Amino acid sequence: MATGIEHTAHAVEAAAVMRLLPARPRLLALGEPTHGEDSLLDLRNDLFRQLVEQEGYGSIAVESDCMMGLVVDDYVTSGTGTLDEVMERGFSHGWGASAANRELVRWMRAYNDGRPASERLRFAGFDGPLEITGAASPRQALTALHGYLAAQVEADLLPCAAETLDRLLGADDRWTNPAAMMDPSRSVGQSAEAMRLRLLADDLVALLDAQMPHLSAASSRDDWHRARLYGRTATGLLRYHFWMADTSPGRMTRLTSLRGSMMAGNLLALAERGPALVHANNGHLQRAKSSMRMGDLPVEWWSAGAIASAHLGKGYAFLATALGTIRHQGVDTPPPDTVEGLLYALPEDRCVVDARRLATVLGDPRPAPRASPYFGYAPLDPAHLAAIDGIVFIKDIPQS
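Cut-offs and rules
- Residues numbered from 1 in each chain as written.
- Predicted model: local features only at pLDDT ≥ 70, side-chain atom pairs only at ≥ 80, totals over all residues.
- Heavy atoms only, no water.
- Helix = DSSP H or I, 4+ residues; strand = E, 2+ residues; numbered from the N terminus.
- Buried < 20%, exposed > 50% of the residue type's maximum accessible area, 1.4 Å probe, protein only.
- Contact = heavy atoms within 4.5 Å.
- Areas by Shrake-Rupley, 256 points an atom, 1.4 Å probe, with all protein chains shown as cover.
- Lys, Arg positive; Asp, Glu negative; His and termini not counted.
- Charge placed at Lys NZ, Arg CZ, Asp CG, Glu CD.
- Core = buried A, V, L, I, M, F, W, Y, C linked by side-chain atoms within 4.5 Å.
- Axes fitted to C-alpha atoms, helices over the stretch in contact; angles between N-to-C directions.
- Parallel < 35°, antiparallel > 145°, perpendicular 65-115°, else oblique.
- Left-handed = near helix turned anticlockwise from the far one by under 90°.
- Nonpolar A, V, L, I, M, F, W, Y, C, P; charged D, E, K, R; others polar.
- Salt bridge = Lys/Arg side-chain N within 4 Å of Asp/Glu carboxyl O.

The name recorded for the protein in an unreviewed UniProt entry is Erythromycin esterase family protein, from Actinomadura vinacea.

Below you can see the structure in the form of structure tokens.
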């Protein structure tokens, strides 16, 4: 068996990745099984750099707030701001503190320097403005959408004035109350004001669509795409807040599904503009249904990757990262009868593996899933191998 697996492994290079795929996909997604390890992000940076330079990928999207990501995009495309400011203001989830993320942004800016606008590499966050403890106020997205439309269309076409939005939104801390994640009664998402805002946001997005011929001619294409992002984010946040106030048993499934849907909408919009590279947790990018436990409650949902794959077919490809050890988190040498253990026995420190060939070599029944002693690391599910285009395997993760 080991000999068969050996023949599926290749160096972690763009050319080896592309040989696994029938054609260059519109979205090429690289997952990671744990967050916060810069060695995983260093590998991402190296591979993405090759894919940009050799395969013509034009955007890089990461699992970070889509609205904050606009700050990074402005910097890498136009030099707006400083690198320090961008790392502080352009990433959610604390990702701006990562040395590897800083190096990615620095490289993207250097890559774009001197290039014509049409050839510049773009950056995007593709997560909603969501944290584990709650969701942002819809103010930024909603007022930006209204402002864009107010500058371009006749005033009597707008469903309301900016002052109406401001009054209905109220104080932002009403929306961001962290207690609302565990206590639906603390959410404002089903208040009369929030319900009115959902209708107004829907009308603003409808106006954006109806006026596309005029708007795409009267403003830049970039501004038009940003306005669409504002619309997706405003309606998505208002929908998310509505279901935060829900008390039914399906509440958490609904919320995780809505996050996946918001992520997918952002990815599909990127794919419309050209080939894009994507990086996030494996669970956000896999084709199989995602799952987790919230206390005693099992939660399942279709991830952004599963939705994007259903839309794009062969235009979507997914590489899952698997690893051997994270000793500083208590993850030691994998058992030899797991997928990770079989890959750990290979001589390479890192390699790209043809997941479908590996599934054939392993046959049925598949190895048992590896058990993780660390809650922040999700091992590869052997049942998913046939739905993965490739595995990037790293033997040992050093402490960052």
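Anyway, onward from the coordinates.
Secondary structure summary: the protein contains 16 helices and 12 strands in total. Considering only C-alpha atoms, the protein reaches an extent of 70 × 55 × 35 Å along its principal axes. The buried share of the protein, taken over its 400 residues, is 54%. Pairs at least 24 apart in sequence give 77% of the contacts found in the protein among residues at least 6 apart. Roughly 17,200 Å² of accessible area belongs to the protein as shown, and the carbon and sulfur atoms make up 52% of that amount. Side-chain charges in the protein split into 38 positive and 48 negative, and the spacing between the mean points of these groups amounts to 3 Å.

This part is about the environment of leucine 343. Mapped onto the fold, leucine 343 is located in helix H15 (residues 339–344). The sequence separation of leucine 343 and leucine 145 amounts to 198 residues, and the corresponding C-alpha distance is 49 Å. Residues contacting leucine 343, with those up to four places away along its chain left out, are Ile5, Val353, Ile391 and Phe393.

With that settled, consider the nonpolar core. It is characteristic of soluble globular proteins that their nonpolar side chains tend to be buried jointly. Ranked by internal contacts, the top residues of the largest apolar core, which has 44 residues, are Leu28, Leu51, Ile60 and Val105. At six residues, helix H3 (residues 38–55) tops the list of elements feeding residues into this core. With sequence-adjacent residues up to four places away left out, leucine 51 is seen in contact with Ala14, Met18, Leu28, Gly56, Tyr57 and Leu277.

With that out of the way, let us pick up the environment of arginine 139. Tracing the backbone through its elements, the reader meets arginine 139 in helix H7 (residues 139–152). When the C-alpha atoms of arginine 139 and leucine 165 are compared, they prove to be 8.2 Å apart, with 26 residues separating the residues in sequence. In this structure, arginine 139 is in contact with Ala144, Asp166, Leu169, Gly170 and Asp172, ignoring residues within four places of it in sequence.

So, about unusual backbone geometry. Cis peptide bonds are those with omega within 30 degrees of zero, and the linkage from aspartate 364 to proline 365 qualifies with -5°. You can see proline 365 is positioned in the loop between helix H16 (355–362) and strand E12 (390–396). In this model, histidine 93 sits at a positive phi of 60°, which is unusual for a non-glycine residue. Here histidine 93 shows up in the loop between helix H5 (83–89) and helix H6 (99–112).

Relative orientation of the contacting elements H7 and helix H9 (residues 192–210) amounts to 40°, with a least axis distance of 11 Å. If you check the angle between H7 and H9, you find them oblique. Where H7 crosses over H9, the two elements pack in a sense that is left-handed. Residues Leu142, Leu145, His146, Tyr148 and Leu149 of H7 touch H9, and the partners they reach there are Leu197, Ala201, Leu204, Val205, Leu207 and Leu208. Considered class by class, the residues forming the contact of H7 with H9 number 10 nonpolar, one polar and no charged.

Throughout the structure, instances matching the rule amount to 19 salt bridges. Salt-bridge contacts for aspartate 172 lead to arginine 139; the nearest nitrogen and oxygen are separated by 2.8 Å. Separated by 33 residues along the polypeptide, aspartate 172 in the loop between helix H8 (162–169) and H9 and arginine 139 in helix H7 bring together distant segments of the chain. Given a relative accessible area of 33%, aspartate 172 falls into the partly exposed group. Measuring nitrogen to oxygen at the nearest pair gives 2.8 Å for the salt bridge that ties aspartate 389 to arginine 356. With aspartate 389 in the loop between H16 and E12 and arginine 356 in helix H16, this residue pair connects regions lying 33 residues apart in the sequence. For aspartate 389, a relative accessible area of 7% corresponds to the buried category. The exposure class of arginine 356 is partly exposed, given its relative accessible area of 36%. Several salt bridges converge on common partners, so that one network encompasses Asp73, Asp74, Arg122, Asp222, Arg226 and Arg273.

All right, on to the packing of H3 against H6 then. When two helices pack together, their arrangement is given by the angle between their axes and by how far apart the axes lie. The geometry of H3 relative to H6 is characterised by a closest axis approach of 8 Å and an angle of 20° between their N-to-C directions. Taken together, the axis directions place H3 and H6 in an arrangement best described as roughly parallel. The interaxial crossing formed by H3 with H6 has right-handed handedness. Facing H3, whose interface residues are Asp38, Leu41, Asp42, Arg44, Asn45, Arg49, Val52 and Glu53, H6 presents Ala99, Ala100, Asn101, Glu103, Leu104, Trp107 and Tyr111. Of the residues belonging to the contact of H3 with H6, the class tally is seven nonpolar, two polar and six charged.

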